[in-house]
Amino acid sequence: MSKVRFELLETTCVPLPLENIDTDQIIPARFLSATSREGFGENLFRDWRYDKSGNLSKEFILNDPRYSGQVLVAGRNFGCGSSREHAVWAIYDYGFRAVVSSNFADIFRNNSLNNGLLPVEVPEKYLRELLDLVRKNPGTRVMIDLEKQLFTVLPAGESVLFEINSYKKECLLRGLDDVDYLLNMRDLIKAYELRNTADK
Amino acid sequence: MQPYTLFDRIWDSHIVRSIEGGPDVLYIDQHYIHEVTSPQAFNGLRERGIPVFRPSSTLATADHNIPTTDQHLPIRDALSRLQVEKLAENCRMYGIRLFGLNNPDNGIVHVIGPELGYTLPGMTIVCGDSHTSTHGAFGTVAFGIGTSEVEMVLATQCILQYKPKKMRIVVDGKIQNGVTAKDVILHIISQLSAHGATGYFVEYTGGAIKNLSMEGRMTICNMSIEMGARGGLIAADDTTIDYLSMIPSVRSRSDYHKLVKKWKELKSDQGAAFDREHEFNAEDIRPMITYGTNPGMGMAIDEAIPIIASHSAGIASYNKSLEYMGFKPGMKILGHPVDYVFLGSCTNGRIEDLRAFAQMVKGKKKASNVTALIVPGSKKVEQQAINEGLDRILKDAGFELRQPGCSSCLAMNEDKIPAGKFSVSTSNRNFEGRQGPGSRTLLASPLTAAAAAVTGKITDPRDLLKD
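Below, the structure is looked at part by part. Since this is a predicted model, take the numbers as computed values, not measurements.

Reading the values: rules and limits
Residues numbered from 1 in each chain as written. Chains lettered and ligands numbered in written order. Predicted model: local features only at pLDDT ≥ 70, side-chain atom pairs only at ≥ 80, totals over all residues. Heavy atoms only, no water. Helix = DSSP H or I, 4+ residues; strand = E, 2+ residues; numbered from the N terminus. Buried < 20%, exposed > 50% of the residue type's maximum accessible area, 1.4 Å probe, protein only. Contact = heavy atoms within 4.5 Å. Areas by Shrake-Rupley, 256 points an atom, 1.4 Å probe, with all protein chains shown as cover. Lys, Arg positive; Asp, Glu negative; His and termini not counted. Charge placed at Lys NZ, Arg CZ, Asp CG, Glu CD. Patch = residues over 30% accessible without salt bridge, like charges linked within 9 Å, V, L, I, M, F, W, Y side chains within 5 Å. Salt bridge = Lys/Arg side-chain N within 4 Å of Asp/Glu carboxyl O. Axes fitted to C-alpha atoms, helices over the stretch in contact; angles between N-to-C directions. Parallel < 35°, antiparallel > 145°, perpendicular 65-115°, else oblique. Left-handed = near helix turned anticlockwise from the far one by under 90°. Nonpolar A, V, L, I, M, F, W, Y, C, P; charged D, E, K, R; others polar. Core = buried A, V, L, I, M, F, W, Y, C linked by side-chain atoms within 4.5 Å. Buried area = accessible area lost by both parts, 1.4 Å probe. Polar contact = N/O pair within 3.5 Å; in protein donor to acceptor, adjacent residues only side chain to side chain.

**Some remarks on the overall build of chain A**
Turning to step 1, where the next piece is worked out: Along the backbone of chain A there are 8 helices and 7 strands.
Turning to step 2, where the next piece is worked out: The dimensions of chain A, computed from C-alpha atoms along their principal axes, are 65 × 45 × 25 Å.
Turning to step 3, where the next piece is worked out: Within the span of chain A, comprising 200 residues, buried residues form 58% of the whole.
Turning to step 4, where the next piece is worked out: Pairs at least 24 residues apart make up 65% of the contacts formed inside chain A by residues separated by at least 6 positions.
Turning to step 5, where the next piece is worked out: Carbon and sulfur atoms form 50% of the exposed surface of chain A, whose accessible area is close to 8800 Å².
Turning to step 6, where the next piece is worked out: If the 26 positive side-chain charges of chain A are averaged to one point and the 29 negative ones to another, these points end up 1 Å apart.

**Some details on a negative patch on the surface**
Turning to step 1, where the next piece is worked out: A surface patch of like charges, here negative, comprises E38, E42 and D93 of chain A together with E47 of chain B.
Turning to step 2, where the next piece is worked out: Since its relative accessible area comes to 58%, E47 of chain B is described here as exposed.

**Quick notes on unusual backbone geometry**
Residues and elements named next belong to chain A.
Turning to step 1, where the next piece is worked out: Cis geometry marks the peptide bond from L154 to P155, where omega comes out at 0 degrees.
Turning to step 2, where the next piece is worked out: Tracing the backbone shows P155 in the loop between β6 (150-153) and β7 (159-161).
Turning to step 3, where the next piece is worked out: The backbone of N77 shows a phi angle near 65 degrees, a positive value even though the residue is not glycine.
Turning to step 4, where the next piece is worked out: Following the sequence through the fold, N77 ends up in the loop between β2 (71-74) and α3 (86-94).
Turning to step 5, where the next piece is worked out: Given a relative accessible area of 1%, N77 falls into the buried group.
Turning to step 6, where the next piece is worked out: Phi is positive for Q149, close to 55 degrees, though the residue is something other than glycine.
Turning to step 7, where the next piece is worked out: Mapped onto the fold, Q149 is located in the loop between β5 (141-145) and β6.
Turning to step 8, where the next piece is worked out: A residue is classified by how much of its surface remains accessible, and Q149, at 16% relative accessible area, is buried.

**Thoughts on the environment of A105 of chain A**
Turning to step 1, where the next piece is worked out: Mapped onto the secondary structure, A105 of chain A falls in the loop between β3 (98-101) and α4 (106-113).
Turning to step 2, where the next piece is worked out: It is 4.9 Å that separates the C-alpha atoms of A105 of chain A and C80 of chain A, two residues lying 25 residues apart in sequence.

**Details of the packing of helix α2 (residues 39-48) of chain B against helix α5 (residues 147-156) of chain B**
Residues and elements named next belong to chain B.
Turning to step 1, where the next piece is worked out: The N-to-C vectors of α2 and α5 enclose an angle of 50 degrees; their axes lie 8 Å apart at closest approach. As summarised for this structure, α2 and α5 are arranged oblique, according to the angle between their axes. Remark: the crossing between α2 and α5 carries right-handed chirality. Where α2 approaches α5, its residues Q40, A41, F42, G44, L45 and R48 are matched on the opposing element by T147, V150, E151, L154 and A155.
Turning to step 2, where the next piece is worked out: Considered class by class, the residues forming the contact of α2 with α5 number 6 nonpolar, 3 polar and 2 charged.

**Digging into the nonpolar core**
Turning to step 1, where the next piece is worked out: In terms of nonpolar packing, the biggest core is built from 103 residues, with I169, Y204, M227 and W263 of chain B touching the most fellow members.
Turning to step 2, where the next piece is worked out: In terms of residue count, the dominant contributor to this core is helix α6 (residues 181-192) of chain B (7 residues).
Turning to step 3, where the next piece is worked out: Residue contacts for Y204 of chain B: discarding those within four places in its chain leaves I169, I185, I209, I220, C221, S224, M227, G232, L233 and I234 of chain B.
Turning to step 4, where the next piece is worked out: Counting residues in hydrophobic clusters, the runner-up holds 84 residues, among them F40, F45 and L72 of chain A together with L322 of chain B.

**Digging into the interface of chain B and chain A**
Turning to step 1, where the next piece is worked out: With 66 residues of chain B in contact, the opposing surface of chain A contributes 58 residues.
Turning to step 2, where the next piece is worked out: Carbon and sulfur atoms make up 58% of the surface buried where chain B meets chain A, a total of about 5100 Å² over both sides.
Turning to step 3, where the next piece is worked out: Among the residues chain B hides against chain A, the three largest losses belong to Q40, R48 and H195 of chain B. Together they make up 12% of the total.
Turning to step 4, where the next piece is worked out: Taken together, the connections running from chain B to chain A amount to 5 salt bridges.
Turning to step 5, where the next piece is worked out: At the boundary of chain B with chain A, the tally comes to 26 residue pairs in polar contact (both at pLDDT 80 or more).
Turning to step 6, where the next piece is worked out: Of all the secondary structure elements, the ones that give two or more residues to the side of chain B that touches chain A are β1 (15-18), β2 (24-27), α2, α3 (78-94), α5, β8 (158-161), α11 (256-265) and α12 (315-325) of chain B.
Turning to step 7, where the next piece is worked out: With 7 residues, the single largest contributor to the side of chain B that touches chain A is α5 of chain B.
Turning to step 8, where the next piece is worked out: Looking at the side of chain B that touches chain A residue by residue, the class counts come to 26 nonpolar, 25 polar and 15 charged.

Following this line, the structure appears as structure tokens:
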């Protein structure tokens, strides 16, 4: 099953300058009872977006009309905690296509890459400057060029090169799927099993 | 020959193929699934029209979304019930063994896997649950995965994965009275931070680790993820083999003696290189408690909450965290009132944890201001607790043993802590709202939880052990 290709992205950003944002904040456990992948965006950051009475919390950044865009910029150790892929589905379903941070939790990073959400890891100092800039100038536009692995503040701001492994980059650019890749290797997998049974 | 780490030894022997500049195709020996992170993976198989590649290598349980009372009755919450039914339907359709609700072997996935002998040294193990690292206690490479990866494993018994870096954590010295494995790992995380091991796989070793029971080792490996590690493992030794030899399905295997010989060889070579090393002395470790909203925010129970410099990069997050908890920098929390106590979870829901709790509350009474949730990790643990008379001890002290499940660790079911209430919990995460919207979690050991339960306030368990 091919996935949506990651195109060149030019957009504004939403700054969330907190560290250690865990997947329980991204999507609380009480919303994990669904058996499909759709509709999680509605409850993204549920307990930060809404107050106890279920009204929008005015001070939370997603409810601030000045900020919008397809890139979420957040403090280090983003996506720590639970392995729930629902966190990535929620972020994507809400409309984000990339998350910028100085450090991502391992499972979250894998889940993102498997769903076409690009984790862009930038140096800590760059991240802090970016958060400041975007907070002060909500209209700041950025460009993410996956092919060149460049994150750029527009119109001609400083570019930063980000890392992504070549296999996953190819998958995102071409909309390829890991399961299809593995299914094509079934003979090799069977050969491994035979070899291993023989060892025992 | 170049000296090998235990981690490399297991990982490398499971590589089906290495992709140039890419991940390894890693063969998975044992796959565990549960109701919450598997339905979308089965949907994927259905859309592709493919079967499960090796149904006998996957084992299923219902644990996250189930009630811990009246399990014989239908689940009240419609969505939860549907999710549990969906798991049963998927297992039936794809030929996967399920230890569902009311099965005598049901329980939390990371409790039943080891106790039923499915987790064996040298294996690669995955599950759509971050606490899969628990199984590393048996000398396995075990780690949590997302649902897309669950689908990969169901479809091919393999996963595409980048090899993490290696870290060794050595804990030497004697663990002090009143201090448990939980305090050791909370201490380590408080020193390395909630992201101190991101990108690494940890091997725990040293005298203090080797002297731990399998239950204690599982508690340590379980929380590896809380410092960001991909997983954590401990080499199998006589303690491991003694534990496994008590499991009938393992002991009765025709190749049992051959396996034991192989397990004994599974360790890191002398001089094997790690990318990072940390050393701790168990004698420095006191009973621990967390005061913030990530597991790295922990301190010795008699310490004051750290004051960090106002210009620190993380100051906004730090202040937000303390504000959520209702604490202030520099404050001591010893003696602070407690509303709830939770004993259970894949971290501390095993028989040894119930014994420790029971030993501490024996002959005392539950404090009137405390609501306690005592949740065994599995049906087997529940039965053993009853056989050992722990349920009587608990009852006499005013506690009630509930039925097994993940319960208040993530509060997907009804076992929620109300907003603003303080919960001393033996689970693994103190995130905002983890135990229910607005709940305030203080992570601690079963002994510290028991001390809080009988005194109604945060209490150093060593003070009660003196009596």
